[in-house]
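A closer look at the structure
So the chains spell out like this:
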Amino acid sequence: GAEVMFSVDCTKLKDYFLPGQREFDCIYFNFPHCGRKAGVVKNRELLARFFHSSAEVLAEEGEVHVALCNGQGGTPADQPRREWHNSWQIVAVAAGAGFILSDVHPFKAETIHGYKCTGYRSQDKSFCVEGALTHVFTRSTPLLCVTPVSCRIQLESQSVAFQVPQVLVDKMNRGFLQPNSSHPVRTVKEELTGGLSQAFPLQSTDSCLSLLHQDHLRGVCPSNIFWITLSPEDTPGTEELSHRLANAVLFSRVDFCQDTEKNLQEGCHSPRQFCLRPSLLPHAQAMLQAGAFLPGTLHVLSGPVFRQCRISPHSMPVFHEMLMVFAASRGTESSCIQMLVTNIKTTIHSLHQTGIKPNISLQEATSSETTEANDFAAFESQLSEIQYFICTDTDPPGSWVGIIRTSQELTSSEELVVVFVSLNLDLLAMLLCGISDWRMLWTWDTRFLRQFPRGELRLFRSFSLYPPSYVHDLSFWVPDGQQFDEVAFHTVARAVSGEMVVSIQLRDSFQQVGTGRSSLCFRLTFQSCDRALSHREAAELQLRLREEVCLHLGVTLR
């Protein structure tokens, strides 16, 4: 009962179907080939034209199935795997048309009703399909076009606006912790809160704060902070986000600028320069000093925090922090901490749906090496002294998901010690759901949240397999007499690429004899975890990065 059409050009599919017939749920292409002894380059070109043609006639949630002989695809699923240059590079080719590889499985001709192999070159000679694979492609969400976004908040009696840092434009006000959210970060937070409430009197708060003027960030490296400038004037076309932005707590940069001379030296010309909060700890300390915490109660604060950091799979410019604060009698704080950590461990182990049961333990913060090995811990050590790390036994080994510190100065009673326990909810969600890349938590692709219906924690299955990566080098001269800010370089790379840079490595550095000029060469790897990224798009991002690095860091390209 099906309509059969002959002599269809796979690179011009829309020419054979009327507009109302161009919404195919599946397009199958078994063993494409240019014919005769065509090389890999010609067959890549055939696939590229086919994928572009398929994009014009495929339904929005349709699939493209391409069967290839063993080794042709060039993915890790091929056994044995060919060298990349000698394969058809099917995932990279499909990315050029906006497709991602969502599944790959063995090609089994016997399971396809009516399918018959016609033989090699139509001769009475069998066509070898042993080890052949079917590659299933789906549409990718488009690359984000990041445009400047201004936010307006009500600050006391004054309405003020600020421009969101470019690297955070797609991450502000996502509402992961809202009551109607099914995001795994919220599920982890709710499960932890529920487990703690059975052992402690508990008061939970989703942190909504106004501007703080206290000297909260003394000793913190300014390059780790997202600085913003508030303006009291009304800005036409400003995006109204006041009801959501309460979670983006602001701290005054005045805390760093104690006098006019220092203001000028550090570029702090106006008292209206602020930063997005890097931690909930300063807020908790301010509430303690104001007497807002109830004695004998475990207070839990949660919300997003923002930090400039180097690029790595576990270093996040924004994550959701859960901060627990309680007062213990002097001398009993160690046992209270152990009881709290045991409760956290028990709660996490009860989330057995994913089959992952990480071993959680306490590690004393006795070595400077531990803070230097992890951006999260290194920054926390700048806020105040750390007593313990909350560690896991998963990859990478010795990962920290939490920080514990104590203070005897923030309580009016000499018999009490205040304990602060900070957890990175994003890292915990990644750990429990088997998510290897923090960027996946922030994807706009609806296939992510569909895997966690009603907030259930499940083992995550990536919908973008074997994403292609592209390597580019960037060399430049550093301005004379200036210390190169590597964190700022990473932040520019994040912003320009839309988090498409997954690795930045220093490849070479040298000082020119005679002039003393310093040169650096970095190797950047571009790769997306959830979207199609083509070779052309990666090259365009590299060109934009070259321009922005010169503009923002004052370097001279080589």
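Scroll up a little and you will see the structure.
Attention in this report is confined to the structure presented alongside it. Worth saying up front: this structure is predicted, and the values here are computed from it rather than measured.

Further remarks concern the overall build of the chain. In terms of regular secondary structure, the chain is built from twelve helices and 20 strands. Among the 558 residues that make up the chain, the fraction classed as buried is 50%. When contacts within the chain are restricted to residue pairs at least 6 apart in sequence, long-range pairs at least 24 apart make up 72% of them. By element, 49% of the accessible surface of the chain is carried by carbon and sulfur atoms, the whole surface being about 27,400 Å².

In this section: the packing of aromatic side chains. According to the stated counting rule, one finds 17 aromatic pairs in the structure shown. Ring centres of Phe29 and Phe50 lie 4.9 Å apart, and the angle between their planes is 65°; on these two criteria the pair is classed as edge-to-face. Here Phe29 is found in strand E1 (residues 24-30), whereas its partner Phe50 is found in helix H1 (residues 40-55), with 21 residues between them in sequence. With respect to burial, Phe29 and Phe50 carry one shared label: buried. Among the aromatic residues, those joined into a cluster by ring pairs are Phe29, Phe50, Phe51, Phe99 and Phe137. Positioned above the aromatic ring of Trp444, the side-chain terminus of Arg174 is 3.7 Å from the ring centre.

As a further point, take the packing of helix H3 (residues 184-197) against helix H9 (residues 425-433). Helix-helix packing is described using two parameters, namely the angle between the two axes and the distance between the axes. At a closest axis distance of 9 Å, the pairing of H3 and H9 adopts a crossing angle of 100°. When the axis of H3 is compared with that of H9, the two are roughly perpendicular. For the pair H3 and H9, contact is made by Pro184, Val185, Val188, Lys189 and Leu192 and by Leu425, Asp426, Leu428, Ala429, Leu432 and Cys433, respectively. For the contact of H3 with H9, the class distribution of residues is nine nonpolar, no polar and two charged.

Attention now moves to the pairing of strand E11 (residues 298-306). In regular strands, side chains alternate between the two faces of the sheet. The element E11 is largely enclosed, with a buried count of nine among its nine residues. Where strand E7 (residues 202-206) lies against E11, five bridges are found, and the strand directions are parallel. Of the residues in E11, the one forming a bridge with Asp206 is Ser302. Alignment of E11 against strand E12 (residues 318-329), held across eight bridges, turns out to be antiparallel. By the bridge assignment for E12, Val300 is matched with Met324.

So, about the sheet that holds strand E18 (residues 501-511). Sheet architecture is open: four strands sit in the order E18-E19-E17-E20, paired in antiparallel fashion. The open sheet has two edge strands, E18 and strand E20 (556-557), and neither has a second partner. Where strand E17 (residues 470-477) meets E20, two bridges bridge the pair, whose relative direction is antiparallel. Across the sheet, residue Trp477 finds its bridge partner in E20, namely Thr556. On top of the sheet, helix H11 (residues 486-497) reaches E17, E18 and strand E19 (518-526); it is set at about 140° to E18, its chief contact. Along the sheet, helix H12 (residues 535-553) contacts E17, E19 and E20; its crossing angle with E17, the most-contacted strand, is approximately 15°.

This part is about the side chain of Arg307. With respect to the helices and strands, the residue Arg307 is situated in the loop between E11 and E12. A polar side-chain atom of Arg307 sits 2.7 Å from the main-chain carbonyl oxygen of Pro278.

Attention shifts here to the nonpolar core. Counting 78 residues, the largest nonpolar core has Leu168, Leu192 and Val325 as its most contacted members. The biggest single contributor to this core is E12, with eight residues. Here this core gathers at least three residues from each of two domains, domain 2 (175-231 + 272-442) and domain 3 (470-557). When sequence neighbours within four positions are dropped, the list of residues in contact with Leu192 reads Met322, Ile344, Thr347, Ile348, Leu423, Leu425 and Leu428.

A separate point is the pattern of salt bridges. Side chains carrying opposite charge are able to pair once their charged atoms draw close together. One pass over the full model with this rule turns up 13 salt bridges. With a closest N to O distance of 3.4 Å, Glu190 and Lys189 form a salt bridge. The partner of Arg536 in a salt bridge is Glu540, and the shortest N-O contact between them spans 2.9 Å. Of the two residues, Arg536 and Glu540 are both situated in helix H12; the distance of four residues between them amounts to about one turn of the helix. In this structure Glu540 comes out as partly exposed when scored by relative accessible area, which is 40%. Overlapping salt bridges, with partners in common, bring together Asp170, Lys171, Arg494 and Glu499 in one network.

To continue, consider the side chain of Thr75. Among the structural elements, Thr75 can be located in the loop between strand E2 (58-68) and helix H2 (90-95). The residues touching Thr75, leaving out its near neighbours within four places in the chain, are Arg81, Ile90, Val91, Leu101 and Tyr466.

A large share of H9 lies buried, amounting to nine of its nine residues. Taken together, the buried positions of H9 are occupied by Leu425, Asp426, Leu427, Leu428, Ala429, Met430, Leu431, Leu432 and Cys433. Backbone nitrogen of Asp426 and a side-chain oxygen of the N-cap are separated by 3.1 Å at the start of H9; the cap is Asn424. One or two steps after H9, the chain reaches Gly434, where phi turns positive at roughly 70°.

Between its first and last C-alpha atoms H3 spans 20 Å; for 14 residues at 1.5 Å apiece the expected length is 20 Å, and the two agree. A large share of H3 lies buried, amounting to ten of its 14 residues. Among the residues of H3, Pro184, Val185, Arg186, Thr187, Val188, Lys189, Leu192, Thr193, Gly195 and Leu196 are the ones counted as buried.

Reading the values: rules and limits
The residue count restarts for each chain, going from 1 along the sequence in the order it is written. Residue-level local features of this predicted model are given only where pLDDT is at least 70; pairs of side-chain atoms are given and counted only at 80 or more, and the full residue set underlies all totals for whole chains, interfaces and linings. Excluded from the side-chain calculation are hydrogens and water; included are all heavy atoms of the structure. By definition, any uninterrupted DSSP run of H or I lasting at least four residues is a helix, any uninterrupted run of E lasting at least two residues is a strand, and each is numbered from the N terminus. Buried, partly exposed and exposed residues are distinguished by accessible area as a fraction of the type maximum, computed with a 1.4 Å probe on protein chains only: under 20%, between the cut-offs, and over 50%, respectively. Residue contacts follow a heavy-atom distance rule, with two residues in contact if any of their heavy atoms lie within 4.5 Å. Surface exposure here means Shrake-Rupley accessible area, sampled with a 1.4 Å probe, where a residue is shielded only by the protein chains that are shown. Here a pair means two rings of Phe, Tyr or Trp (six-membered ring of Trp) with centres within 6.5 Å. Their orientation is stacked below 30 degrees between planes, edge-to-face above 60, and tilted elsewhere. We call a charge positioned over a ring when the NZ of a Lys or the CZ of an Arg lies within 6 Å of the ring centre and within 35 degrees of the ring normal. For helices, the fitted axis covers only the stretch in contact; all axes are lines through C-alpha atoms, and the angles between them, taken along N-to-C directions, range from 0 to 180 degrees. Every angle not falling under 35 degrees, over 145, or within 65 to 115 is termed oblique; those three ranges are roughly parallel, roughly antiparallel and roughly perpendicular. Any residue outside Ala, Val, Leu, Ile, Met, Phe, Trp, Tyr, Cys, Pro, Asp, Glu, Lys and Arg is labelled polar, Gly included; the first ten of those are nonpolar and the last four are charged. Each pair of strands is called paired provided DSSP finds at least two bridges between the two strands. For this analysis, a polar contact is any N or O atom pair within 3.5 Å, provided that within protein one partner can donate a hydrogen and the other can accept it, and provided that sequence-adjacent residues contribute only side-chain to side-chain pairs. To qualify as a nonpolar core, a set must consist of buried Ala, Val, Leu, Ile, Met, Phe, Trp, Tyr and Cys residues joined through side-chain atoms within 4.5 Å. An automatic or database domain assignment is the source of the domain bounds shown. By definition here, a salt bridge exists when the distance from a side-chain nitrogen of Lys or Arg to a carboxyl oxygen of Asp or Glu is within 4 Å. Here the expected length of a helix is defined as 1.5 Å per residue gap, with one fewer gap than residues.

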